[in-house]
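# Coordinate inspection notes
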Amino acid sequence: MTALRLKPNAPALQTESWLVAAGRPAAPGDPLNAPPILASNFAFDAEAGYARDDGTQTWRALEAIVGGLEGGEAVAFSSGMAAASAVLDLIPCGGRVALPEDCYQGVATLAQQAHERGHLVVHRIATADTPAWLAAARDADLLWLESPSNPLLRIADLVAICKAERKPGALVAVDNTFATPLNQQPLLLGADLVVHSATKFFGGHSDLLSGIAVGATQDLRHRLAKCRTLRGATPGALESYLTVRGLRTLALRLAAAQENAAELAEFLAARTTLERVRYPGLESHPDHALAKRQLRGFGTIVTFEVAGGAAAADHLCKSLQLVRHATSLGAVESTIERRAAIPGQEHLPPGLVRLSVGIESIADLQHDFAQALG
Ligand SMILES: *Cc1c(COP(=O)(O)O)cnc(C)c1O
């Protein structure tokens, strides 16, 4: 990866320092933080006129931080779905898209709609079925990967899939929301595009919607930005400001939540009323060896099944007091939900819950599960 430098001749920075220092105004007298620019238009000068076309200083701060983290060229969007839509928009009409079977529901529905309208030909592949991905690479125009996957936390062999012989011009995109660039940098493994729901770990406080796509080249950046301009998928000023603010503490939050998740996964795996505790860091995880090779950390999401099915799982979600019964993930607070209750996810085991572990005290989290499991 090219080193993280604030200026061409500045010393290279570690990720933790980059998160704190990147994207700040640098001239004497400037505020330390890029302010939320509440403006649609600017007095003409050489480059900027209208915010939807040219962006703002607030978006650029966010794009500078995330572009550096992923080792590419970032474009900020209004949400993760807007970023995903822009990536699908890169594929010509009638193009073939390979999508994981276990995949963010919004992306799956979006692709399915494009398929039904005849815009794209979509087929689904199991995340961990590497031979099927290698075969798909020969005729797909886009391989869309999500690893770890949602909600089963399967791991795709990104290195093998990115190296596969591809149809000329074919793109590999990775939804890196669950891993974050601190745990995995797909562009450095050979992917062309990375997508984030910045609503999750980047924002980190469940108080905004935001998304980012990162291209490996200037050309991809240009095409993504063009799509943002024409589709009007523009980020809000306040949301971009808050996403930058969230990123400043990402390394600390992720480390704390990840440590909690590892301990809680062991704790839950030892409970007799819970089954199939899934966490890539557990040796019992089917992709543990690959996860160890590919990820710098195993993430903050733990999935498990409650014996007794849907009713018992709903009861657990409602009996927890510190852990909030709510959707979404990647925030400072722990949240839990039963996934088969989500429209489009009915195929999942009825008692399967997804837990997003936050930064609370591990002792309090364990007590909460102990009292709720009674
Ligand atoms: C939440 C999420 C998205 C969609 O992002 P929004 O910001 O909600 O539009 C996409 N992919 C994954 C893995 C997500 O968790």
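Everything that follows concerns the structure shown earlier in this document.
Residues numbered from 1 in each chain as written. Predicted model: local features only at pLDDT ≥ 70, side-chain atom pairs only at ≥ 80, totals over all residues. Heavy atoms only, no water.

## A short note on the pattern of salt bridges
Note the cut-off: Put simply, a salt bridge is a Lys or Arg side-chain nitrogen that is within 4 Å of an Asp or Glu carboxyl oxygen. The buried label goes to any residue with under 20% of its type's maximum accessible area, the exposed label to any with over 50%, and the partly exposed label to all in between, with areas taken from a 1.4 Å probe on protein chains only.
By the definition in use, this model includes 14 salt bridges. One salt bridge connects Glu337 with Arg339, and the closest N-O pair in it is separated by 2.7 Å. Judged on exposure class, the residue Glu337 and its partner Arg339 are both buried. Salt bridges linked by common partners bring Glu275, Arg276, Arg278 and Glu305 together as one network.

## Points about the sheet that holds strand β9 (residues 301–306)
What counts, and what does not: Here, strands pair whenever DSSP counts at least two bridges between them. Numbering of helices and strands runs from the N terminus; a helix is a DSSP stretch of H or I covering at least four residues, while a strand is a stretch of E covering at least two. Here, two residues are considered to be in contact whenever any of their heavy atoms come within 4.5 Å of each other. To define axes, lines are fitted to C-alpha atoms, for helices over the stretch in contact only, and angles between the resulting N-to-C directions are given on a 0 to 180 degree scale.
If you walk across this open sheet you meet the five strands as β8-β9-β12-β11-β10, and the pairing is mixed. Each end of this open sheet is capped by a strand with a single partner; those strands are β8 (274–278) and β10 (324–325). With four bridges connecting them, strand β11 (residues 335–338) and strand β12 (residues 352–356) associate as antiparallel partners. Within β12, the residue paired with Glu337 across the bridge is Arg354. Relative to β11, helix α13 (residues 309–319) is tilted by about 160 degrees, and along the sheet it contacts β9, β10, β11 and β12.

## What to know about the site of the ligand
The cut-off we apply is this: By convention in these notes, a residue is near a molecule or strand provided one of its non-hydrogen atoms lies within 4 Å of it. Pairs of N or O atoms within 3.5 Å make up the polar contacts considered here, provided that, within protein, one atom can donate a hydrogen while the other can accept it, and that residues adjacent in sequence are counted only when both atoms are side-chain atoms. Computed with the Shrake-Rupley method and a 1.4 Å probe, the accessible areas treat only the protein chains shown as cover for residues. Here the term charged refers only to Asp, Glu, Lys and Arg, the term nonpolar to Ala, Val, Leu, Ile, Met, Phe, Trp, Tyr, Cys and Pro, and the term polar to all other amino acids, Gly among them.
In the vicinity of the ligand, 13 residues are found, and the nearest of them are Met81, Asp175, Ser197, Thr199 and Lys200. Taking Lys200, its side chain carries an N or O atom lying 2.7 Å from an oxygen atom of the ligand. In isolation the ligand exposes 380 Å². Once the protein is present, 93% of that is buried. Per-class residue counts for the shell around the ligand are four nonpolar, six polar and three charged.

## Let's talk about helix α5 (residues 105–116)
Selection criterion: One less than the number of residues in a helix, times 1.5 Å, gives the span that helix is expected to have. The directions considered for the arc are those from the helix axis to the C-beta atoms.
For α5, with twelve residues, the first-to-last C-alpha span of 16 Å sits near the 16 Å given by 1.5 Å per residue. Those residues of α5 that sit buried are Val107, Ala108, Ala111 and Ala114. Across the axial projection of α5, the buried residues extend over an arc of 125 degrees, all falling on one side.

## Quick notes on the environment of Pro92
Mapped onto the secondary structure, Pro92 falls in the loop between α4 (80–88) and β2 (95–100). Overall, Pro92 belongs to the exposed group, its relative accessible area being 51%. Along the chain, Pro92 and Val66 lie 26 residues apart, while their C-alpha atoms are 27 Å from each other. The contact partners of Pro92, leaving out residues within four places of it in the chain, are His119 and Leu120.

## Examining the state of the cysteines
By definition, a disulfide is the covalent link that joins the sulfur atoms of two cysteine residues. Let me state the cut-off plainly: Any two cysteine sulfur atoms lying within 2.5 Å of each other are counted as a disulfide.
For the structure shown, the criterion picks out zero disulfides. Here Cys93 is not cross-linked by a disulfide; its sulfur's nearest cysteine counterpart is in Cys227, at 14 Å.

## Structural notes on the nonpolar core
Rule in force here: Nine residue types can take part in a nonpolar core, namely buried Ala, Val, Leu, Ile, Met, Phe, Trp, Tyr and Cys, and a core is a set of them joined through side-chain atoms within 4.5 Å.
Ranked by size, the top nonpolar core spans 45 residues in total, and within it Leu19, Ile65, Val66, Leu143, Leu145, Ile212 and Leu247 carry the most contacts. Tallying contributions element by element places helix α3 (residues 57–70) first for this core, with five residues. Ignoring any residue separated from it by four or fewer positions in sequence, one finds Ile65 in contact with Trp18, Leu19, Ala22, Gly23, Val244, Leu247 and Arg248. Counting 31 residues, the second largest nonpolar core, distinct from the first, contains Cys103, Ala108, Cys227 and Ala233.

## A few points about the side chain of Arg339
Relative to the helices and strands, Arg339 resides in the loop between β11 and β12. In this structure Arg339 comes out as buried when scored by relative accessible area, which is 5%. One polar contact links Arg339 to Glu337, side chain to side chain, over a distance of 2.7 Å. When residues no more than four places from it in sequence are discounted, the contact partners of Arg339 are Asn150, Pro151, Thr327, Gln345, Leu348, Leu352 and Arg354.

## Considering unusual backbone geometry
A cis amide bond links Ser147 to the next residue, Pro148, at an omega of -5 degrees. Tracing the backbone shows Pro148 in the loop between β4 (142–146) and α7 (158–163). Looking along the chain, the bond that leaves Asn150 and enters Pro151 is cis, with omega of 5 degrees. Note on placement: Pro151 falls in the loop between β4 and α7. The residue Leu153 is not glycine, and still its phi comes out positive at about 60 degrees. Structurally, Leu153 can be placed in the loop between β4 and α7. The buried category is assigned to Leu153, whose relative accessible area is 2%. One non-glycine residue with positive phi stands out, namely Ser328, at about 75 degrees. Its location among the elements puts Ser328 in the loop between β10 and β11.

## Side note on a negative patch on the surface
Put simply, the test is: Patch membership requires over 30% relative accessible area and the absence of a salt bridge. Like charges are linked within 9 Å, and nonpolar side chains (Val, Leu, Ile, Met, Phe, Trp, Tyr) within 5 Å. Positive: Lys, Arg. Negative: Asp, Glu. His and the chain ends are not part of the count. A charged residue contributes its charge at one atom only: NZ of Lys, CZ of Arg, CG of Asp or CD of Glu.
A grouping of Asp45, Glu47, Asp53 and Asp54 is seen on the molecular surface, where their side chains present a negatively charged patch. Relative to the helices and strands, Glu47 is located in the loop between α1 (15–21) and α2 (51–54).

## Observations concerning the side chain of Thr130
Locating Thr130 in the fold gives a position in helix α6 (residues 130–136). In this structure Thr130 comes out as buried when scored by relative accessible area, which is 17%. The contact partners of Thr130, leaving out residues within four places of it in the chain, are Asp157, Ala160 and Ile161.

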